[in-house]
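Overview (structure and organization)
Each chain, letter by letter, is given below.
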Amino acid sequence: MHELSIATAIVDTASRHAQGRQVCVVSVRVGALRQVSAASLRFCFEVVARDSDCAHARLELTEVALRLRCRDCGEEWQSEEPEFRCPRCVPGSVDVLGGEELEVDYIEVEEESECIAPG
Amino acid sequence: MHRTRVRIVEDALDANNTIARANREDFDRAAVRVVNLMSAPGAGKTTLLEAALRDLGPVRAGVLEGDVQGSLDADRIAHLHIPVVQLNTGSGFGGECHLDANMVRSALPALPLAQLDLLIVENVGNLVCPAEFRIGEDARVMISSVTEGEDKPLKYPLMFRACELVVINKIDLLAHLDFDLDLFLHHLDGVHPGVASMLLSAKTGEGVEEFSAWLRELAARETLAA
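Counting of residues starts from 1 at the beginning of each chain's written sequence and follows it residue by residue. Here chains are named by letter from A upward and ligands by number from 1 upward, in the order in which they appear as written. Given that the model is predicted, a residue must reach a pLDDT of at least 70 before its local features are reported, and side-chain atom pairs must reach 80 or more before they are shown or counted; all residues, however, enter totals for whole chains, interfaces and linings.

**A closer look at the interface of chain A and chain B**
Taken residue by residue, the interface counts 33 residues in chain A and 32 residues in chain B. The numbering of helices and of strands both runs from the N terminus, where a helix is a DSSP run of H or I of at least 4 residues and a strand a run of E of at least 2. Of all the secondary-structure elements, those providing two or more residues to the side of chain A that touches chain B are α1 (2-18), β1 (23-31) and β6 (102-111) of chain A. Considering every element that reaches the side of chain A that touches chain B, the biggest residue donor is β6 of chain A, with 10 residues. Any residue that is not Ala, Val, Leu, Ile, Met, Phe, Trp, Tyr, Cys, Pro, Asp, Glu, Lys or Arg is counted as polar, Gly included; the first ten are nonpolar and the last four charged. Taken together, the residues that form the side of chain A that touches chain B break down as 16 nonpolar, seven polar and 10 charged. Any two strands with at least two DSSP-identified bridges between them are counted as paired. Bridge count for β6 of chain A against strand β1 (residues 2-11) of chain B is eight bridges, and the pairing is antiparallel. Bridge pairing in β1 of chain B links V104 of chain A to E10 of chain B. Contacts here follow a simple rule: the backbone-placed C-beta atoms of the two residues must lie within 7 Å.

**What to know about the sheet that holds β1 of chain A**
Strand pairs in the sheet, formed through backbone hydrogen bonds, run parallel or antiparallel to each other. In spatial order, the strands read β2(A)-β1(A)-β6(A)-β1(B); together these four strands make up an open sheet with mixed pairing. Both outer strands of the open sheet, β2 (58-64) of chain A together with β1 of chain B, are each paired with one neighbouring strand and no more. Across the sheet, the axes of successive neighbouring strands diverge by a mean angle of 15°, strand direction being ignored. One ladder, built from seven bridges, connects β1 of chain A with β6 of chain A; its direction is antiparallel. When the sheet's bridge partners are listed, V28 of chain A is paired in β6 of chain A with V104 of chain A. Only the stretch in contact is used when a helix axis is fitted, and all axes are lines through C-alpha atoms; the angle between N-to-C directions ranges over 0 to 180 degrees.

**Some details on the nonpolar core**
In plain words, the nonpolar core is the set of buried Ala, Val, Leu, Ile, Met, Phe, Trp, Tyr and Cys residues that C-beta atoms within 7 Å link up. Here a residue counts as buried when 20 or more other C-beta atoms fall within 10 Å of its C-beta, as exposed when 12 or fewer do, and as partly exposed in between; the C-beta atoms come from the backbone. Within the largest apolar cluster, 72 residues are counted, with the highest numbers of intra-cluster contacts made by L118, L119, I120, V121 and M159 of chain B. The element best represented in this core is helix α8 (residues 208-220) of chain B, accounting for five residues. If we skip the residues at most four places from it in the chain, L119 of chain B touches V32, V34, G62, L64 and L111 of chain B. Listed in part, the 27 residues of the second largest apolar core include A7, L41, A49 and V104 of chain A.

**Here we look at the pairing of strand β6 (residues 139-145) of chain B**
Residues and elements named next belong to chain B. Burial within β6 is extensive, with six of its seven residues counted as buried. Pairing of strand β2 (residues 33-39) with β6 involves five bridges; the strand directions are parallel. The residue of β6 that forms the bridge with N36 is R140. Pairing of β6 with strand β7 (residues 165-169), which is carried by five bridges, proceeds in the parallel orientation. Residue pairing in the sheet places V141 in a bridge with L165 of β7.

Here is the structure:
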């Protein structure tokens with residue numbers, strides 16, 4: 001159940017940036033490697049957000065696929081399997097380009113119109 | 001009322017990482033090296049510690065035991081007459097399944113850091129969650145026992161990639177199991193190429209000296225912090 005801790009961390013991060021404004025959307029990028037269950041995270045988010053500025057927020061989850069690059073030959077590929085060997089020059093070492101994210105990308109907040117005074 | 005988008009682009013676990021860095025600074029100041037020991041429940045973390053901690057020579061070790069409930073593990077370690085603190089995670093939503101930086105921070109006042117060279121944090125038995133949460137450790141070690149099967153690196157890549165040493169425990173049982181060690185090592189190398197591994201049996205003692213030596217070397221590691 002790391003989803004509960006992760007949901008708490010997401011709500012805390014979003015609320016900190018909301019600075020008292022009501023949050024409508026919380027957008028989070030989740031890498032395939034993080035082994036997060038989306039259903040479980042949504043459930044936990046709803047529970048944790050209840051008494052926060054995120055109480056009415058929709059959680060948008062974007063899954064980021066595992067993308068790798070070989071350090072030796074420069075080959076880049078997307079992988080469905082946790083296989084960190086270059087298919088061309090095994091046993092090359094690889095860099096992870098994507099798939100490890102657990103990142104609050106943006107939030108959408110309600111603003112009082114009169115607060116946005118130009119100039 | 002209108003809606004505004006606020007770009008954040010921040011690791012959701014930043015707050016945990018900040019506390020982990022504060023822990024690390026405290027450990028560095030006290031010149032204590034810290035190991036985060038992780039595994040599935042029943043892989044033999046406590047049994048390995050009981051065997052390895054007898055053989056640390058001049059290294060002064062302490063243990064922080066993380067469990068959802070109870071002090072069974074801490075009681076076992078206390079028999080070795082080394083400082084041990086039990087940390088229960090049970091106050092969460094039915095009990096947190098991992099230690100995080102803040103829990104470890106809350107236990108620091110109970111630890112005699114000034115009298116230690118090495119602190120071993122035995123995490124809650126779990127192959128997913130502990131890998132997510134840094135606690136301010138110098139090294140992460142995981143134990144995988146041969147009774148768990150050779151497919152575990154493929155099923156829990158996050159954990160197998162998070163550690164710098166994989167200890168393969170219970171090798172005394174190899175003769176009784178279908179466990180294919182070569183296949184396990186092949187999967188491990190695919191998930192975390194080049195990661196160090198060692199084979200041992202905490203029960204018979206075979207190979208434990210290698211792990212004790214690894215701990216002694218870690219305790220002697222210079223801190224990377226300024």
